[in-house]
Structure formats: structure tokens, C-alpha cells
Amino acid sequence: MRKKNKGALNLAGLALFLLALPLFFRMGGGQFAMAEVLPGQADTAGLSLSFLQEEEKEILTANVLGKDDIEFSKSFAISAGGRPLGITAEQLAKMQDFSYLKSNYYIIDSRTTLFPEDIDVEQALGLDLTIEKTTKEPKILIFHTHSHEGFADSDMSKGLSEGIWGVGEELKRILEEEYGIGVIHDDGQYDMVNGKGQTTGAYERMEPAIREILAAYPSIEVCIDLHRDGVAEGTRLITEIDGKTCAQVMFFNGLCRLNKDGTAQAISGLENPYLSENLAFSLQMKTTADGLYPSFSRKIYLNAYRFSLHMLPRSTLIEVGAQTNTKEEALNAMEPLAEVLADVLSEGAALGHDSP
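The text that follows walks through the structure, step by step, so that each part is easy to find.

Procedures and definitions
- Residues numbered from 1 in each chain as written.
- Predicted model: local features only at pLDDT ≥ 70, side-chain atom pairs only at ≥ 80, totals over all residues.
- Heavy atoms only, no water.
- Buried < 20%, exposed > 50% of the residue type's maximum accessible area, 1.4 Å probe, protein only.
- Helix = DSSP H or I, 4+ residues; strand = E, 2+ residues; numbered from the N terminus.
- Pairing = 2+ DSSP bridges.
- Axes fitted to C-alpha atoms, helices over the stretch in contact; angles between N-to-C directions.
- Parallel < 35°, antiparallel > 145°, perpendicular 65-115°, else oblique.
- Left-handed = near helix turned anticlockwise from the far one by under 90°.
- Contact = heavy atoms within 4.5 Å.
- Nonpolar A, V, L, I, M, F, W, Y, C, P; charged D, E, K, R; others polar.
- Core = buried A, V, L, I, M, F, W, Y, C linked by side-chain atoms within 4.5 Å.
- Phe/Tyr/Trp six-rings, centres within 6.5 Å; stacked < 30°, edge-to-face > 60°.

**Things to note about the pairing of strand β11 (residues 249-254)**
Right, on to step 1. Burial analysis of β11 places 6 of its 6 residues in the buried class, the great majority of the element.
Right, on to step 2. With burial as the criterion, each face of β11 is covered, one bearing V249, F251 and N253 and the other bearing M250, F252 and G254.
Right, on to step 3. The sheet contact formed by β11 and strand β14 (residues 300-303) spans 3 bridges and is parallel. Counterpart to G254 in the pairing with β14 is N303.

Right under this line is the structure:
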């Protein structure tokens, strides 16, 4: 609160404040808190006041509680069905424009397409994906369909810890030690056949082993297939977070359909009963990451195929950097990634954060 006279309250301002209190109670005490801006702030153009009578609108929009009296955060979360969305009303309005959503949040492979009916932004961001945090039993499974993906300075002859598997081990450590979420980290090598590297067929070889783990540990609610991307040699996917150079991450979805002569056709045998939950999961992680660390997450990539995303509703494929990143950059990315995951999966998830 700003006061011209620090030794005494502004009596006129206090009186106006008291006069305005009944209006807040009429609204149930919370409707303003779920709007991006409150009456009395500089910008009230986007605020709906339809629930007020005309004279009440005039009082509140006349700066009864001027911005010099009370300061509010614009990062307040709005909610859908009681679930916090983690974004402002202005962001939500933009995202509900399908063209804006596609161009600002997704990279869509030319072999597939995204339709407006595929994702209702408000429902996706309001979907409750939280889990009970505990280390008494595993809640998250981390695995690597391509466990031998390495980084610019990886010496894979020294073992899996040199590449993406080692990065997954760091993610497991942070989730368990700092966030109290039990993790199983699978060491299956599905990109190897008879001792030789072979990525073709890796997704088919992965599924029986992962389903066996899920059957053995029914407490698992989240599947993370952790990869690193492949990019042009001159591309560097990095950002600075807390003074450290981190690899950027990319959340990934498979839509299970191909474009055929201008129409979308489902891929027979590659159905995914959890597609809407997968899309909600990636969008919640993307918006949460953008709120915490705006340059950390790349756009969500949408591919035509199913990959490893059909075994649980909370399934995600995450690309950590690329072959041009160093091991240290990839390892540094696990702190912010763990924070994003914990925010989405924990009570109080997606509650909107001030950008650092």
C-alpha cells in the first residue's frame, strides 16, 4: 500500500474502501481474484462486470480502490470448474483463438493436423492431473525408448550414464529428494538388437517391458519417455536459468492420424484412448514452464504417430535439448523440468507463477 503520509492512513481512501466492501461480498468474495485485472487498476477493458448492477460498475470503474491504494498481482490464476488454470484471463482469451493457439503453442508436423475440436483450452488447463506425492511407492516411471541418445561431449562407450539415461537419473533424483515423488527409472535398452544399435522397432520393443512394469507397480500414474532431439549442427537449444546454461525442453504429442489427400485419417492399430489427457498434460506443462521460465520450453511438437503415449492418461514424451547440447546443459535442465512436473502433478499445480 502506498501512502503520501506514511504516519497515518488516508481517511478518505479508507472510507471508500469500506464502502466498497459490500460489493465484494455480493460477488462471493472471490470473483475479482479470478480475473486478470481488478477494478481500479490501469486496465479494466477486458474485465467482465456483468454480474454487477450499473451503479456498482460505475463506482468500481471510477477507481474507488485506485492503484495508488492497493497493488494487485496480474499473475492471479483464473479457474475452470474449480481447477486453477495457471494463466491470466488475457492469456486464456488469446489461447481460445485457435489460430493463435496453433501458431504460438504448437509445431504441427506436415503429416498430421490439429483440429479445433481436439483441444478445449479451458478444459485442458482445468483438468485435474494431480497425484498424491509419496516416496513409499512409485508414482512416476521414467524410461527411454532410445536410451543411447548422447550429447555433444558424451562418450557412450563409458555407459548409458553419458547420455539421456544419465539425464533421466538426475530427474529421478530431484523428483524424489526435492519433491517427495517416488520414481522408477527403467534401464531397458530398446534401441539395441543383438548388441547393435537399431532404433527401428524400438517403440514396439519398448511397450511389453513398460506394460510389465506398470502391472508390477499399479501405483504408477505418470509415464515419461525421455529423449533428446536431433537438430541441424548449427542449432543450439539453450537458455539461462538461475545463472546456469540449460538445454531447452520440448513436450511432444502423437495424434494417431495422417493427412491423406487433404483429409485426416486415423492410423489403424495405433489408437490412443488417452489422447485428450495427453494433450492436456503437455499444455499444462507448457503454460507452467512459460510462467516459471519463459524461454525454457519450446513449442509443443505434434506428430502423426502414437509413440509411447497410450499407456496412461498422464503420459508424455519430452525432448531434452539435442545432440548439439552438452551433458551439463542437459543435466542443468532437470531442476526446472522437475519443478514444472511437480507443479502440474501436485496439489496447487498450475497456480500461475511470476516470471523470474
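**Some details on the packing of helix α8 (residues 275-292) against helix α10 (residues 334-345)**
Right, on to step 1. Following both chains from N to C, one finds α8 and α10 inclined at 120°, their axes separated by 9 Å at the closest point. In terms of orientation, α8 lies oblique with respect to α10. For the element pair α8 and α10, the recorded crossing hand is right-handed. Taking contact as the criterion, the partners of F281, Q284, M285, T288, A289 and L292 in α8 are, on α10, E339, V340, L341, D343, V344 and L345.
Right, on to step 2. Among the residues making up the contact of α8 with α10, the classes are represented as 8 nonpolar, 2 polar and 2 charged.

**With respect to the nonpolar core**
Right, on to step 1. Counting residues in hydrophobic clusters, the biggest one holds 59 residues, and the most contacted among them are Y106, I140, L171, L226, L283, V320 and L337.
Right, on to step 2. Once residues within four sequence positions are removed from consideration, L226 is found in contact with I142, F143, H144, I164, V167, G168, L171, I318, V320 and L337.
Right, on to step 3. Counting residues in each nonpolar core, the second largest holds 18 residues, with F143, I210, I220 and L309 among its members.

**Side note on unusual backbone geometry**
Right, on to step 1. In this model, D242 sits at a positive phi of 55°, which is unusual for a non-glycine residue.
Right, on to step 2. Looking at the secondary structure, you find D242 in the loop between β9 (238-241) and β10 (244-247).
Right, on to step 3. Of note, F307 is a non-glycine position whose phi angle comes to about 60°, a positive value.
Right, on to step 4. Note on placement: F307 falls in the loop between β14 and β15 (314-322).

**Focus: the packing of helix α6 (residues 164-179) against α10**
Right, on to step 1. Where α6 meets α10, the closest approach of the two axes is 9 Å, and the angle between their N-to-C directions is 55°. On the basis of the axis angle, α6 is oblique to α10. The element α6 and its partner α10 pack so that their crossing is right-handed. Residues V167, E170, L171, R173, I174, L175, E178 and Y179 of α6 lie in contact with α10, whose contacting residues are M334, E335, L337, A338, E339, L341 and A342.
Right, on to step 2. Classifying every residue of the contact of α6 with α10 by side-chain character gives 10 nonpolar, no polar and 5 charged.

**Let's talk about the sheet that holds β14**
Right, on to step 1. Here 7 strands make up an open sheet; going across it, the order is β3-β14-β11-β15-β8-β4-β5 and the pairing mixed. Strands with a single pairing partner mark the edges of an open sheet, and in this sheet they are β3 (106-108) and β5 (183-185). Neighbouring strand axes in the sheet, compared pairwise and without regard to direction, differ in orientation by 25° on average.
Right, on to step 2. Sheet topology note: the β11/β15 ladder contains 4 bridges and is antiparallel. By the bridge assignment for β15, M250 is matched with E319.

**Topic: the packing of aromatic side chains**
Right, on to step 1. Within the structure shown, the criterion is met by 3 aromatic pairs.
Right, on to step 2. Here the aromatic rings of Y203 and F307 are separated by 5.4 Å at their centres, their planes lie at 80°, and the arrangement is edge-to-face. Taken together, the residues Y203 in helix α7 (residues 202-216) and F307 in the loop between β14 and β15 connect sequence positions 104 residues apart.
Right, on to step 3. Aromatic side chains F252 and Y301 sit 5.6 Å apart centroid to centroid with 20° between the ring planes, which places their arrangement in the stacked category. Of this pair, F252 sits in strand β11 while Y301 is found in strand β14, placing the two residues 49 residues apart along the sequence.

Remember that the coordinates give geometry; whether it matters functionally is a separate question.
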